[in-house]
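# Residue-level structure breakdown
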Amino acid sequence: MQLFRASIAHFPKHTSEFTNDIAVYHDGGLLIDGKHIVDVGHFDAINKRYPGASIVDLSGKWILPGLIDSHLHYPQTQSIAHYGEQLLSWLENYTFPTEMQFADSAHSSAIAKVFINQLLKNGTTTGLVFSTVHKDSCDALFNEASRIDMAMIAGKVCMDRNCPAPLQDTAVLAQKECAALIEKWHNNGRNRYALTPRFAPTSTEAQLAALGELAQQFDDVFIQTHLSENLDEIAWVKSLFPKAEGYLDVYDKFNLVRERAVFGHGIHLTPNEWARLGEANASIAFCPTSNLFLGSGLFDMSAARANNVHVALATDVGAGTTFNMFKTYGDAYKVSQLRNAPISPLEGFYLMTQGAAIAHNLDHEIGNLNAGSAADFIIVEPRFDELTMLRIQDNAEFDDVFFALSILGDDRAIAQTWVSGRCCYDNKMLQ
Ligand code: GUN
Ligand code: ZN
């Protein structure tokens, strides 16, 4: 057993509404045995309870739960940061050409490796990830995640219209391939499958119906897609699905709005759509760096709260501009400032840890440092350069440390990332 000594912060409770009820131990102890957490609390108390444990002294650093990125695209690792477009032309000009390269499974494997390295380097231990339409690209990602026993939620993108022919499947093929991928990967180790229609415009009704059937057949698989991100996109959905009451209703008609359904963006939702998301226990992935980068709009966190809609923070790489979840909260804060309703640092931290885990029904395993949870955690060095040493005091409170790092920090603040009880990234290895 290993006993880590450091400052520790996490949200231990399993209540789905955010409260300030964080547990903070300035001289804390985290005890792990193999792949799991055994105990957490004040160092002295844990040290007394487990005198035989080997102590790892990290005083001055913080231990936090591994971070959860609730929406991103691994193929877009290589197309991040392209100038000048909003959603629909950005997809045409950059995204689709990039995703065509994943017909080559060697390419998929190479990019999956880079992608997981980027996650770990930034302290992310769980992702809800889109691959491409190619079944092998999904295999490549799960294979890579399995090598380090990482909790990965992913799916093959399904598209049967309005995109280049090499990126299209069909309703029948999508259903067959997704069923095979569920069989192969869902609940295999720490992997979980997500049905992944890209967004309403690139699926026919037949394809959405086929995926809806799978959603009913396998009721614990995830569903991930995009929703109401951009005004031109919404107008397009209206013209493609004239009988639907709105964008969300397109998915709803096919049983794709439910628990474990995670909708990216939700920037321009109507009051009825907000109410329906809350009633269905579905989630929104709030992707602030992407929404700013593509000029999509300012997410309305207050509407989400008012309608009891689960929200989880996400990067949405490659429309998102960073893999770093702290910086992602930094942009969420700026978006919320523009709406005159600032999201507090503690809520921001909740939305990438326990709040995200609760949204995804995974808080028995990830998002916190409770006994029994997976030993997925990060070691943070807040004072990593001249400026952070000046700004962040040695004995600063957690919310101040987290906030300063979300504005000033980057991957240099992540000293180590542990997944399933193993150190999978150490920033000293790079020096
Ligand atoms: N809508 C449909 N596909 C995508 C995508 O790849 N990224 C973003 N941000 N929005 C989308
Ligand atoms: Zn996306």
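Our structure is the block above this text.
What you see is a predicted model, and the numbers here were worked out from it, not measured in a lab. (Residues numbered from 1 in each chain as written. Chains lettered and ligands numbered in written order. Predicted model: local features only at pLDDT ≥ 70, side-chain atom pairs only at ≥ 80, totals over all residues. Heavy atoms only, no water.)

## A closer look at the pairing of strand β11 (residues 261–265)
The criterion, for reference: Type-normalised accessible area, obtained with a 1.4 Å probe on protein chains alone, sets the label of each residue: buried when under 20%, exposed when over 50%, and partly exposed for intermediate values. Secondary structure elements follow DSSP: runs of H or I of four or more residues count as helices, runs of E of two or more count as strands, with numbering from the N terminus. Pairs of strands are assigned from DSSP output, requiring at least two bridges between the strands. The crossover handedness rule: strands pointing away from the viewer, path from first strand over the helix to second strand clockwise, crossover right-handed.
Burial analysis of β11 places five of its five residues in the buried class, the great majority of the element. Judged from the five bridges that link them, strand β10 (residues 222–227) and β11 form a sheet pairing that is parallel. Paired with T225 across the strands is F263, a residue of β11. Here β11 runs beside strand β12 (residues 283–286); their pairing, made up of three bridges, is parallel. For V262, the partnering residue across the bridge sits in β12 and is S283. With helix α9 (residues 271–280) bridging β11 and its parallel neighbour β12, the resulting β-α-β unit is right-handed.

## Brief notes about the site of ligand 1
Short version of the rule: One heavy atom within 4 Å of a molecule or strand is enough for the residue carrying it to be called near that molecule or strand. By the criterion applied in these results, polar contacts are pairs of N or O atoms within 3.5 Å in which, for protein atoms, one can donate a hydrogen and the other can accept it, and in which residues neighboring in sequence qualify only through two side-chain atoms. A cavity, in this analysis, means grid points on a 1 Å lattice covering only the protein atoms where a 1.4 Å probe fits yet has no way out; a pocket is instead an open set bounded by protein on both sides within 12 Å along at least five of seven lines, and a residue lines either one if it has an atom within 4 Å of a point. Cavities and pockets are treated as containing a molecule whenever more than half of the molecule's atoms lie within 2 Å of their grid points. Asp, Glu, Lys and Arg are counted as charged, while Ala, Val, Leu, Ile, Met, Phe, Trp, Tyr, Cys and Pro are counted as nonpolar; the rest, among them Gly, fall into the polar class.
Around ligand 1, 13 residues are found, and the nearest of them are H73, Q76, R198, E229 and D316. One nitrogen or oxygen atom from the side chain of E229 is found 2.7 Å from a nitrogen atom belonging to ligand 1. D316 places a polar side-chain atom, nitrogen or oxygen, 2.7 Å from a nitrogen atom of ligand 1. Under a 2 Å grid-point criterion requiring more than half of the atoms, the pocket assigned to ligand 1 is the largest cavity. No other element matches the three residues that helix α2 (residues 87–100) contributes to the shell around ligand 1. Residues belonging to the shell around ligand 1 are distributed by class as follows: five nonpolar, five polar and three charged.

## Focus on the coordination of the zinc ion (ligand 2)
In plain terms, the rule: Metal coordination here is assigned from N, O and S atoms located within 2.8 Å of the ion, or within 3.2 Å for Na, K and Ca; omission of water means that sites may look incomplete. Here a site with four donors is tetrahedral if all angles are between 85 and 135 degrees, and a site with four or six donors is square planar or octahedral if opposite donors are over 155 degrees apart and the other angles are between 65 and 115; anything else gets the irregular label.
Those protein atoms acting as donors to the zinc ion (ligand 2) are H71 (NE2), H73 (NE2), H226 (NE2) and D316 (OD), and they sit at 2.1 to 2.3 Å. Each of the four donor atoms bound to the zinc ion (ligand 2) contributes to angles spanning 93 to 164 degrees, and the resulting shape is irregular. In primary-sequence terms, the residues that donate to the zinc ion (ligand 2) follow H-x1-H-x152-H-x89-D. Relative accessible area serves as the criterion here: at 2%, H73 is assigned to the buried category.

## Focus: the nonpolar core
The nonpolar side chains of soluble globular proteins are, as a tendency, buried together. Put simply, the rule reads: Think of a nonpolar core as a cluster: buried Ala, Val, Leu, Ile, Met, Phe, Trp, Tyr and Cys residues, connected wherever their side-chain atoms sit within 4.5 Å. Note on contacts: a residue pair qualifies if any of its non-hydrogen atoms lie within 4.5 Å across the two residues.
Within the largest apolar cluster, 110 residues are counted, with the highest numbers of intra-cluster contacts made by L195, F263 and L277. Of all the elements, helix α3 (residues 105–121) adds the most residues to this core, at six residues. Setting aside residues up to four positions removed in sequence, L277 forms contacts with L227, L248, F263, L269, A282, I284 and V309. Judged by nonpolar contacts, the second largest core, of 17 residues, contains A6, V40, A415 and W418.

## Notes on the environment of I234
Here I234 lies in helix α7 (residues 231–240). The class of I234 is partly exposed, set by a relative accessible area of 23%. It is 33 Å that separates the C-alpha atoms of I234 and H107, two residues lying 127 residues apart in sequence. Not counting residues up to four positions away in its chain, the partners in contact with I234 are S228, Y247 and H268.

## Considerations on the sheet that holds strand β16 (residues 422–426)
Adjacent strands of a sheet pair through backbone hydrogen bonds, lying either parallel or antiparallel. Stated formally: For every element, the axis is a line fit to its C-alpha atoms; helices are fit only across the contacting stretch, and the angle between N-to-C directions ranges from 0 to 180 degrees.
Read across the open sheet, the seven strands follow the order β3-β2-β1-β4-β14-β15-β16; overall the sheet is mixed. Edge positions in the sheet fall to β3 (36–42) and β16, since each has one partner strand and no second. For this sheet, the mean angle separating the axes of adjacent strands, direction not counted, is 35 degrees. Both strand β2 (residues 23–33) and β3 contribute to a ladder of six bridges, which runs antiparallel.

## Observations regarding the packing of aromatic side chains
Heads up, the condition is: For this analysis, a ring pair means two rings from Phe, Tyr or Trp (six-membered ring only for Trp) whose centres lie within 6.5 Å, classed as stacked if their planes differ by under 30 degrees, edge-to-face if by over 60, and tilted for the remaining angles. Sitting over a ring, as applied to charges here, requires NZ of Lys or CZ of Arg to be within 6 Å of the ring centre and within 35 degrees of the ring normal.
One pass over the full model with this rule turns up 25 aromatic pairs. Arranged with centres 6.2 Å apart and planes meeting at 70 degrees, the rings of Y329 and F403 form a pair that is edge-to-face. Of this pair, Y329 sits in helix α12 (residues 325–338) while F403 sits in helix α16 (residues 398–408), and the two are 74 residues apart along the sequence. Judged by relative accessible area, which is 21%, F403 ranks as partly exposed. Consider the rings of Y333 and F403, whose centres lie 4.9 Å apart with planes at 80 degrees: the pair is edge-to-face. Taken together, the positions of Y333 in helix α12 and F403 in helix α16 put the pair 70 residues apart, joining distant regions of the chain. Clustering of aromatic rings is evident, with ring pairs tying together F11, F18, W62, F326, Y329, Y333, F349, Y350, F398, F402 and F403. Over the ring of F222 we find R260, and its NZ or CZ is 5.7 Å from the ring centre.

## Concerning the packing of helix α5 (residues 171–185) against helix α6 (residues 205–217)
Packed helix pairs are characterised by how far apart their axes lie and by the angle those axes make with each other. Put simply, the rule is: Working rule for angles: under 35 degrees goes down as roughly parallel, over 145 as roughly antiparallel, 65 to 115 as roughly perpendicular, anything else as oblique. In this scheme the handedness of a crossing depends on how the near helix is turned from the far one: anticlockwise by less than a right angle means left-handed, clockwise means right-handed.
Direction vectors running N to C along α5 and α6 enclose 25 degrees, while the axes themselves pass 8 Å from each other. Compared by their axis directions, α5 and α6 come out roughly parallel. For the pair α5 and α6, the crossing hand works out as right-handed. Residues A171, A174, Q175, C178 and A179 of α5 form the contact with α6, whose own contacting residues are A206, Q207, A210, L211, E213 and L214.

## So, empty space enclosed by the protein
Spelled out, the test is: Grid points are joined across faces, edges and corners, and a volume is the space filled by probe spheres set on the points.
Following the criterion strictly, the structure yields five cavities of 30 Å³ or more and no others. Counted as a void, the largest cavity has a volume near 100 Å³. The dominant element in the lining of the largest cavity, judged by the number of residues it contributes, is α2, at three residues. Across the lining of the largest cavity, the residue classes break down as five nonpolar, four polar and three charged.

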